[in-house]
Amino acid sequence: MLFNSLEFLLIFLPITTLIYYFLLFRYKKEAHLNFLIIASLFFYGWWEPKYLILICLSIGINYLSGLLIIKSLDNYFYKKFFLIIGIIFNLSLLFYYKYMFFMMEIFDSIFEFKINFLSVVLPLGISFFTFQQIAFLVDIYNEEKFNKKINYYFLFITFFPQLIAGPIVHHKEIIEQYSYLKLKIQVVWKNLSLGLTLITIGLFKKVLLADKLAIWVDRAFNYSANEGTLTFIESWINVFFFSFQIYFDFSAYSDIALGLALLFGLKLSINFFSPYRATNVIEFWRLWHITLSSFLKNYLYIPLGGNKKGKSKQLVNLLIVMLLGGVWHGAGWTFILWGLTHGLLLSINHIMQYIKSPFYNNYLKKNYNYICLCRLFTFVLVTMAWVLFRAENVDSAINIYLSLLGFNGISLPTHYEILIGDFAYFLKQLGVSFKNLPNYGGGVQIIWLVFMFFWIWFLPNSIELMSKYNVFLETKDFKFKLEKSLIKWIPNKLYSIFFSFIFIFIIIKIFQGQEGEFIYFQF
C-alpha cells in the first residue's frame, strides 16, 4: 500500500486514526498500541500477505536473541555468542532475498554453470527492518535498557510510517514514547494539525514534483539503455532532473513518515534536511538519509576504527563503509560503483580538509560567493554519481557519462539554427549539429530546472517551515542549523484553507492516475 494511493489516504489512514484514538481515550490498557500493530501488519500484508510470516519470524527471533543477550550480560562468551547468532540470522535473511540472485548470476558468468534459477521477490522494507534489528541487538549487547514487552518490540519494528523505507530508528528512542501516549485533547489536535500539514507537503512533492520529473527521466534513461545515445544537452538536463526527482521523492517520503507518526502522537528521527545545500560531500551525507548514515557510522565505521588509527586507515574505512552502503541500496554493479564513487569523494574531501590553509579558515570559509560555488560544485558531483544509481546497467551509465562529457557529440534543437542566425554557422564549424532532440523538452524543461534550483537552495524545508513546533525526535547525532526564513507555518484558518485546497487537488491528481512508487521502496 503506497502512501500516495487512494486506498491509503481515503480508507486505511482515516479508519486507523479514528479507531486508534477511540481506543486510546476509551481504555486504560494498551489496546491502542495492539491495534496499531494489527493495522501495521495489515498495511505490510496488503502488498504480499505471505511475507507477513517472514517479518513476524524475523521479529520473533530478534526479540528472543535480545532476551538471551540480556540474560547473558554477566557472561561475556554467551553474550557475544547470541549477538553473533542474531546478526548472522539477519544478514543471512537479507543476503538470501536481496543478493542471492545477483551472486548466482556472477558465478554463472564465471563458471558457466548454465543453471536456470528463479529470482526471489524482494520483501518490502527488508533492508530497513533488518538494519533496525541489528542496531537493536548491538545496543542491547552494549547494555542499553530494553523494555521486554513483546508488543512494544513488535510495534517498534512494524510501525507502518517507517516500516517500508525508514527512518532507521533506535528502540530506546521509540519505545520510551509508548508510555506517555495518554494525551490531552489539545495535544491531539495539535499533532493532527502538524501531521496532516507534513503529509500534504510530502504529497505535493511526490505527486506534483517527483512523479512529473519521473516521466522525463524514465523516458531518457530507457532511451539510453535500449534505443540510442543521448546528446550533450539531453544528458545534462535529464541527469539534473533525476537528481531533483530522487531529492523530492525521498524528501516527500520523509515528510509523510514524520507526519504519519505525529498523527498517532509519536515522533520519528529526521531523515532528510536539504542535502543539496551541502558545501561538500561529507556534509551531504550528514543531511541525506541521515539515519542510514548514522547507522553506518556507529555500527560499521567506528567499529572498524574510524579515524582513530591514522589518516590512511580512515580513508580505507570510508571506502569499505560506502561500498557496503552502495551494496545495501541494491544488488548490482551500478550500486557497487555508486558506493565506491562516494567513498572516493569522501576520501578526497577528508584529504582536502587535512591541508586547508589559514586563508581558507580566515576568509573563504565565511565568503558567501565561495559557499555558493561549493554548493554548486557539490551538487554537480553528487548528481553525476546519481547516474550510476539510476542507470539500467554499467554500459548505459558509461554511455551517459560519455554524453555528459561531450564525447557523443553536441547537438542543439533544429529551431535554434534559425533563432541564432549567422552564429549557427560558427557553431557548425566547432562541430555542433542541429537536429531533433526527442529527450529534450525545450523551454518547459528550462523553466522547471530554474524552479527546482530555486526550491532546493532558497525555499525553507519542512523542518524550517515548522521550526516553532517540535515535529521530529531530537537525538544527539543530529544537529542542524536552521536557515532564516520569512515563510513560517502557523496553525490558523488561512493556512488550513490553503493546505486543504492543496490536499484536495492532490487527491484529484491521484484519481487521474498520478500514483508512482517511492524510489526507496525498492530497497
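Scroll up for the structure.
Note that the structure is predicted; figures quoted are calculated from it, not measured. (Residues numbered from 1 in each chain as written. Predicted model: local features only at pLDDT ≥ 70, side-chain atom pairs only at ≥ 80, totals over all residues. Heavy atoms only, no water.)

J.: If you had to explain the overall build of the chain to someone new, which residues and values would you point to?
T.: Summing up its helical and strand segments, the chain has 22 helices and two strands in all. In terms of C-alpha radius of gyration, the chain reaches 25 Å, essentially the compact-globule figure of 24 Å for 523 residues. Principal-axis analysis of the C-alpha atoms gives the chain an extent of 80 × 65 × 60 Å. Looking at the chain as a whole, 54% of its 523 residues qualify as buried. Taking contacts inside the chain between residues at least 6 apart in sequence as the whole, the part at least 24 apart equals 77%. Per element, the accessible surface of the chain, about 25,500 Å² overall, is 66% carbon and sulfur. Considering the chain, the positive charge centre built from 43 side chains and the negative charge centre built from 29 side chains are found 12 Å apart. (Helix = DSSP H or I, 4+ residues; strand = E, 2+ residues; numbered from the N terminus. Rg over C-alpha atoms; globule rule 2.2 N^0.38 Å. Buried < 20%, exposed > 50% of the residue type's maximum accessible area, 1.4 Å probe, protein only. Contact = heavy atoms within 4.5 Å. Areas by Shrake-Rupley, 256 points an atom, 1.4 Å probe, with all protein chains shown as cover. Lys, Arg positive; Asp, Glu negative; His and termini not counted. Charge placed at Lys NZ, Arg CZ, Asp CG, Glu CD.)

J.: Give me helix α20 (residues 443–458): which residues, what numbers.
T.: Between its first and last C-alpha atoms α20 spans 22 Å; for 16 residues at 1.5 Å apiece the expected length is 22 Å, and the two agree. For α20, the set of buried residues is Q445, W448, L449, M452, F453, W455, I456 and W457. On the buried face of α20, the contacting elements are α9 (185–226), α10 (232–263) and α16 (368–390). (Expected span 1.5 Å × (residues − 1).)

J.: Any chance you could break down the packing of α9 against helix α17 (residues 394–404) for me, citing the residues and the numbers?
T.: At a minimum axis separation of 9 Å, α9 and α17 run at an interaxial angle of 110 degrees. Taken together, α9 and α17 sit at an angle that is classed as roughly perpendicular. In this structure, α9 contributes F221, S224 and A225 to the contact, and α17 contributes S396, N399 and I400. Each residue belonging to the contact of α9 with α17 can be placed in one class, and the counts come to three nonpolar, three polar and no charged. (Axes fitted to C-alpha atoms, helices over the stretch in contact; angles between N-to-C directions. Parallel < 35°, antiparallel > 145°, perpendicular 65-115°, else oblique. Nonpolar A, V, L, I, M, F, W, Y, C, P; charged D, E, K, R; others polar.)

J.: Quick rundown of the pattern of salt bridges? Include the residues and the values.
T.: Counting across every chain of the model gives seven salt bridges. The shortest N-O distance in the salt bridge between R277 and E464 comes to 2.8 Å. One end of the pair, R277, is in the loop between α10 and α11 (281–287); the other, E464, is in helix α21 (residues 462–465), and 187 residues separate them in sequence. The residues R277 and E464 share a single accessibility class, namely buried. A salt bridge links R390 to E392; its shortest N-O distance comes to 3.5 Å. Accessibility expressed as a relative area gives 47% for E392, which makes it partly exposed. Several salt bridges converge on common partners, so that one network encompasses K206, D211 and D249. (Salt bridge = Lys/Arg side-chain N within 4 Å of Asp/Glu carboxyl O.)

J.: Any chance you could break down the environment of F501 for me, citing the residues and the numbers?
T.: Looking at the secondary structure, you find F501 in helix α22 (residues 493–511). We classify F501 as exposed; its relative accessible area is 57%. Put simply, F501 and Y27 are 474 residues apart on the chain and 36 Å apart in space, counted from C-alpha to C-alpha.

J.: Provide a residue-level description of the layout of surface pockets, including the pertinent values.
T.: Taken as a whole, the second largest pocket spans an internal volume of roughly 1,000 Å³. If you trace the second largest pocket, you find 34 residues lining it, with F131, I134, F295, Y299 and L300 closest to the centre. Counting residues per element, the ones that place at least two in the lining of the second largest pocket are α4 (76–111), α5 (126–141), α8 (171–178), α12 (290–301) and α13 (311–329). Sort the elements by how many residues they give to the lining of the second largest pocket and α4 lands first, with seven residues. For the lining of the second largest pocket, the class distribution of residues is 21 nonpolar, six polar and seven charged. (1 Å grid on protein atoms, 1.4 Å probe; cavity = no way out; pocket = protein on both sides within 12 Å on 5 of 7 lines; lining within 4 Å. Points joined across faces, edges and corners; volume = space filled by probe spheres on them.)

J.: Outline the packing of aromatic side chains, listing residues and values.
T.: Scanning the entire structure with this criterion turns up 76 aromatic pairs. Taking 6.2 Å as the distance between ring centres and 10 degrees as the angle between the ring planes, the aromatic pair formed by F12 and F42 counts as stacked. Within this pair, whereas F12 is found in helix α1 (residues 6–26), its partner F42 is found in helix α2 (residues 31–45), the two being separated by 30 residues in sequence. Between the aromatic rings of F284 and W285, the centroid separation amounts to 5.5 Å while the plane-to-plane angle is 85 degrees, which identifies the pairing as edge-to-face. (Phe/Tyr/Trp six-rings, centres within 6.5 Å; stacked < 30°, edge-to-face > 60°.)

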